[in-house]
Amino acid sequence: MKSNEDNPITTLISSIVAPFILLFGMYIIVHGHYSPGGGFQGGTMLAASVILIRLVLGSEVGQLQFNSTWGTPLGSLGVLIYFGTGLAAVFFGGTFLNYHFLPIAQEASMKRSLGILFVEIGVGLAVMAILIAVYDDLLGEEPDA
Amino acid sequence: MLDFFAGHYAYWFILVLLVIGLYGMIFKKNLVKKIIGMSIFQVAIILFFVASASKWNATVPILEHGIQGEALVQYINPLPHTLMLTAIVVGVAINGVAFALIIRIYRRYRTLDENTLLRNMKDDTE
Amino acid sequence: MKYINYFILLVFLFLLIYASTGLPNRGDLDSVVNRDRSPSGTQNASSYYIRNAYKDTHTPNMVTAVLADYRSYDTLGEETVILTAGLICFLLLRRRRKDDEE
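Each residue is numbered by its place in its chain's sequence as written, counting from 1. Numbering of ligands from 1 and lettering of chains from A proceed in the order in which they are written. Local features are withheld for residues below a pLDDT of 70 in this predicted model, meaning they are given only at 70 or higher, and side-chain atom pairs are given and counted only at 80 or more; totals for whole chains, interfaces and linings count all residues. By convention in this description, side-chain values take in all heavy atoms of the structure and omit both hydrogens and water.

Quick word on the overall build of chain B
Along its length, chain B carries four helices and zero strands. In this description a helix means any DSSP run of H or I spanning at least four residues, a strand means any run of E spanning at least two, and both kinds are numbered starting from the N terminus. Ordered by position from the N terminus, the helices and strands of chain B form the series α-α-α-α. Within these notes, the globule rule equals 2.2 Å times the number of residues to the 0.38 power, and the radius of gyration is based on C-alpha atoms. The globule rule puts the C-alpha radius of gyration for 126 residues at 14 Å, and the 21 Å found for chain B is more than 25% above it. With the C-alpha coordinates of chain B rotated into their principal frame, the extents come out at 75 × 35 × 15 Å. Contacts were defined at the residue level, with two residues in contact if any of their heavy atoms lie within 4.5 Å. A separation threshold of at least 6 residues defines the contact pool for chain B, and within that pool the share at least 24 residues apart is 44%.

Quick look at the side chain of S72(C)
Among the structural elements, S72(C) can be located in helix α4 (residues 72-93). Apart from residues lying up to four places away in sequence, S72(C) is in contact with Y82(A), L97(A), Y99(A) and L67(C).

A word on the nonpolar core
Core analysis: the largest hydrophobic core is formed by 25 residues, its most contacted members being F40(A), Y82(A), Y99(A), V119(A), V123(A) and I82(C). When contributions to this core are tallied by element, the ones reaching two or more residues are α4 (71-91) and α5 (108-138) of chain A, α3 (78-109) of chain B together with α3 (62-70) and α4 of chain C. At seven residues, α5(A) tops the list of elements feeding residues into this core. When near neighbours in sequence (up to four residues on either side) are disregarded, F40(A) contacts V123(A), V127(A), L85(B), T86(B), V89(B), L67(C), T75(C), E78(C) and I82(C). Ranked by size, the runner-up nonpolar core spans 13 residues in total, among them Y11(B), L22(B), F27(B) and A44(B). Throughout, nonpolar core names a set of buried Ala, Val, Leu, Ile, Met, Phe, Trp, Tyr and Cys residues whose side chains join them through atoms within 4.5 Å. We call a residue buried when its accessible area falls under 20% of the maximum for its residue type, exposed when it is over 50%, and partly exposed in between, using a 1.4 Å probe and counting protein chains only.

Observations regarding the interface of chain A and chain C
Quoted interface sizes are often the accessible area lost when the parts come together. With 36 residues of chain A at the contact, the number on the chain C side is 28 residues. By buried area we mean the combined loss of accessible area, with a 1.4 Å probe, across both parts when two parts are placed together. Together, F40(A), Y82(A) and D137(A) form the three largest contributors to the area buried by chain A at its contact with chain C, with a combined 19%. Each reported salt bridge corresponds to a side-chain nitrogen of Lys or Arg within 4 Å of a carboxyl oxygen of Asp or Glu. For the interface between chain A and chain C, the tally reads one salt bridge. With a shortest N-O distance of 2.9 Å, D69(C) and R112(A) are connected by a salt bridge. The term polar contact refers here to a pair of N or O atoms within 3.5 Å; inside protein, the definition further demands a hydrogen-donor-capable atom paired with an acceptor-capable atom, and it admits residues adjacent in sequence only when both atoms are side-chain atoms. At the surface where chain A touches chain C, the tally comes to eight residue pairs in polar contact (both at pLDDT 80 or more). Secondary structure elements with two or more residues in the side of chain A that touches chain C: α4 and α5 of chain A. Under the scheme applied here, ten amino acids are nonpolar (Ala, Val, Leu, Ile, Met, Phe, Trp, Tyr, Cys and Pro), four are charged (Asp, Glu, Lys and Arg), and all others, including Gly, are polar. Of the residues that constitute the side of chain A that touches chain C, the class distribution is 19 nonpolar, 12 polar and five charged.

Comments concerning the confidence of the model for chain B
Low pLDDT marks stretches whose predicted atomic positions should not be read closely. Confidence scores per residue from the predictor, reported as pLDDT, run from 0 to 100. Within chain B, residue pLDDT values average 89, and 95% of them lie at 70 or more. Element-level mean pLDDT values for chain B span from 88 in helix α4 (residues 114-125) of chain B up to 94 in helix α2 (residues 31-52) of chain B.

What about the interface of chain C and chain B?
The partner chain B presents 48 residues to the 43 residues of chain C that form the contact. Summed over both partners, the interface of chain C with chain B buries about 4300 Å², with 73% contributed by carbon and sulfur atoms. Here chain C and chain B share zero salt bridges between them. Here chain C is connected to chain B by 11 residue pairs in polar contact (both at pLDDT 80 or more). Broken down by secondary-structure element, the contributors of at least two residues to the side of chain C that touches chain B are α1 (2-20), α2 (45-57), α3 and α4 of chain C. The dominant element in the side of chain C that touches chain B, judged by the number of residues it contributes, is α4(C), at nine residues. For the side of chain C that touches chain B, the per-class residue count stands at 26 nonpolar, nine polar and eight charged.

Now the structure itself:
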């Protein structure tokens, strides 16, 4: 794909703005307990930051930031974090995804709060990786032009 | 009567949006326009659920310590918001898969028009 | 023939609008979804969430609590759907080797 590398305005502005979008995405994931937000929204913001860099600075620079071979493994890792949180509850004597049995030394409601946090991190990771992977796949070159 | 209209006009606009999406899916011949119609249809369904969750004089479903008394009427219904949150992300995934299929079809048959596509497919099998 | 199709679409729209007149008013506090008890006498799910979400999960945002705790099976399946969509895109559009081509 043709890059806009010769345009100074878009290059400068988006390289300034993109790290802040990343930070804001992480804030949305972690602060989802207390304000509108959570894994899905935060993951979409993270993917938006990475895709912005890909659009403006070209695919080569974007590959340095997030290699397109990482997409599917990171998405699987996100689902595994979710599934592992549920399975950990099973190993410590509860039912699947019952955060009450997680081995965190806290009171009962705080255990559930932390369990929600783990699950949200898994969701955010999976959504970010899958959105970037879909973008990369859709923009792939034709095999034999 | 006025109360009835004030309580229902939002549903009617949403249903018009739904029929517009259905029109795009059925009558348009270009595959990309069909996907645009499908997105409009999805948005109509999502808006319908969110509209049905509202309560008069209620606030967003985030607990606030300042609000006392009967908590049930102070917060809008959180369940449709949760369901639609997942529906939005599934909609994005559906769009991705649909565009991937369209790219495959274009690489094979070199067209996205429905009539030409059907003719090319018939030529291919004969 | 084309006008018949548009006519059918309009009839469908008016059928939907006719059906929507049976719905309760938007924002009505006494409608079935917003009441405390369902018609069969049990407690409504949403009123249970509003009353007990903070007590159970220490999370003020009820949407997050419902999404990741009460209905976490739902979210797990939905995340699997996203992963499957990503895998389908990868399998459909990956670059094949030359000798793989027909």
